[in-house]
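# A closer look at the structure
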Amino acid sequence: VFSLVNGLFLRPFPFPHPERLVYINATAPKWNLDVVGINYPDFDQWRKDQKLFEAITIYQTATFTLADGSGAERLSGALMTYDFPKVFGVEPLLGRAFTPEEDKPKGPLVVIISAALWRERFAGDRNVLGRTLRLNGRTHTIVGVMRVEASFPDQVKLWVPLAGDVGQPYPNYSGQGIGRLKPGVTP
């Protein structure tokens, strides 16, 4: 929550029309909770039924172990739904965003890396697309390099598809949501 307050009010987001970005979450008044997080089945239903947003996304921050022949390194990252570039109004510097097919359970293992990681690990090689990274013991194909200004949330180094499952019984509420309001819609 602090990252969003800091980004929206103290240090505005470097995205187009940041005034149209809103934080989305759920409450539990029965338990006197103002913020409880979002579970994927709720988000999926909201995405289908909503009419006020150009797009909405949910994400979870995570730490990944990146391993290669020279050793292992812990990196901050995020699991995001495929629509996050549309919410933030940004496109990858190289390559593409996730597809809806990749953002499903058992979908292809893909990753978008940050511009910082691209420079650090791959010396800015423009032929990085299609190469692989071993994250948490699983091989992911690089499909994009995200622009510097899109390092949301918290200066992460990589993004993988959230791959939420609407069929999960009692899923967790660890998702955080962001939406881009349609023009003319106010918070």
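So, a few notes on the structure that sits alongside this text.

## Looking at the side chain of Asp103
- Examined against the element boundaries, Asp103 turns out to sit in the loop between strand S4 (94-95) and strand S5 (110-114).
- Among the polar contacts made by the side chain of Asp103, one reaches the main-chain amide nitrogen of Leu162 at a distance of 3.3 Å.
- When neighbours within four sequence positions are excluded, Asp103 is seen to be in contact with Met80, Thr81, Tyr82, Pro161, Leu162, Ala163 and Gly164.

## So, the packing of aromatic side chains
- As enumerated under the stated definition, the model contains three aromatic pairs in all.
- Relative to Phe98, the ring of Phe84 has its centre 6.1 Å away and its plane inclined at 55°; by these criteria the two rings are tilted. One end of the pair, Phe84, is in helix H3 (residues 84-88); the other, Phe98, is in the loop between S4 and S5, and 14 residues separate them in sequence. Each member of the pair, Phe84 together with Phe98, is buried.
- In textbook terms, an aromatic cluster arises when at least three aromatic residues are bridged by ring pairs, as seen for Phe84, Phe98 and Trp159.

## Concerning unusual backbone geometry
- Phi is positive for Asn32, which is not a glycine, with a value near 60°.
- Tracing the backbone shows Asn32 in the loop between strand S1 (21-24) and helix H2 (40-49).
- Even without glycine at this site, Ala123 takes up a positive phi of about 50°.
- Positionally, Ala123 belongs in the loop between helix H4 (115-122) and strand S6 (132-135).
- By relative accessible area, Ala123 is classed as exposed at 71%.

## Considering the environment of Thr81
- Considering the arrangement of structural elements, one finds Thr81 in the loop between strand S3 (71-80) and H3.
- Along the backbone, Thr81 and Ile56 are 25 residues apart, and their C-alpha atoms lie at a distance of 8.9 Å.
- Thr81 has contacts with Tyr40, Phe43, Arg47, Ile56, Thr57, Ile58, Asp103 and Leu162, leaving out every residue within four places of it along the chain.
- Polar contacts involving the side chain of Thr81 include one to the side chain of Thr57, which spans 2.5 Å.

## Describing the pattern of salt bridges
- Scanning the model with the defined rule gives eight salt bridges in all.
- Taking the shortest distance from any N to any O, the salt bridge between Glu54 and Arg20 comes out at 2.4 Å. Linking Glu54 in strand S2 (residues 53-68) with Arg20 in the loop between helix H1 (2-10) and S1, this pair joins segments that are 34 residues apart in sequence.
- In this structure Glu54 comes out as partly exposed when scored by relative accessible area, which is 33%.
- On the basis of relative accessibility, which here comes to 13%, the residue Arg20 falls in the buried class.
- Across the salt bridge formed by Asp83 and Arg47, the nearest N and O atoms sit 2.7 Å from each other. Residue Asp83 is located in the loop between S3 and H3, and its partner Arg47 is located in helix H2; the two are separated by 36 residues in the primary sequence. Residues Asp83 and Arg47 agree in their burial class; the two are buried.
- Connected via shared salt-bridge partners are Asp68, Glu73 and Arg121.

## Quick notes on H4
- Taken as a whole, H4 has its buried residues at Ala115, Leu117, Trp118 and Phe122. One face of H4 carries all of its buried residues, which in axial projection span an arc of 160°.
- Each element contacted by the buried residues of H4 is listed here: S3, S4, S5, S6, strand S7 (138-146) and strand S8 (158-161).
- Ala123 sits one or two residues past H4 and shows a positive phi near 50°.

Analysis parameters
Residues numbered from 1 in each chain as written. Predicted model: local features only at pLDDT ≥ 70, side-chain atom pairs only at ≥ 80, totals over all residues. Heavy atoms only, no water. Helix = DSSP H or I, 4+ residues; strand = E, 2+ residues; numbered from the N terminus. Polar contact = N/O pair within 3.5 Å; in protein donor to acceptor, adjacent residues only side chain to side chain. Contact = heavy atoms within 4.5 Å. Phe/Tyr/Trp six-rings, centres within 6.5 Å; stacked < 30°, edge-to-face > 60°. Buried < 20%, exposed > 50% of the residue type's maximum accessible area, 1.4 Å probe, protein only. Salt bridge = Lys/Arg side-chain N within 4 Å of Asp/Glu carboxyl O. Arc of directions from axis to C-beta.

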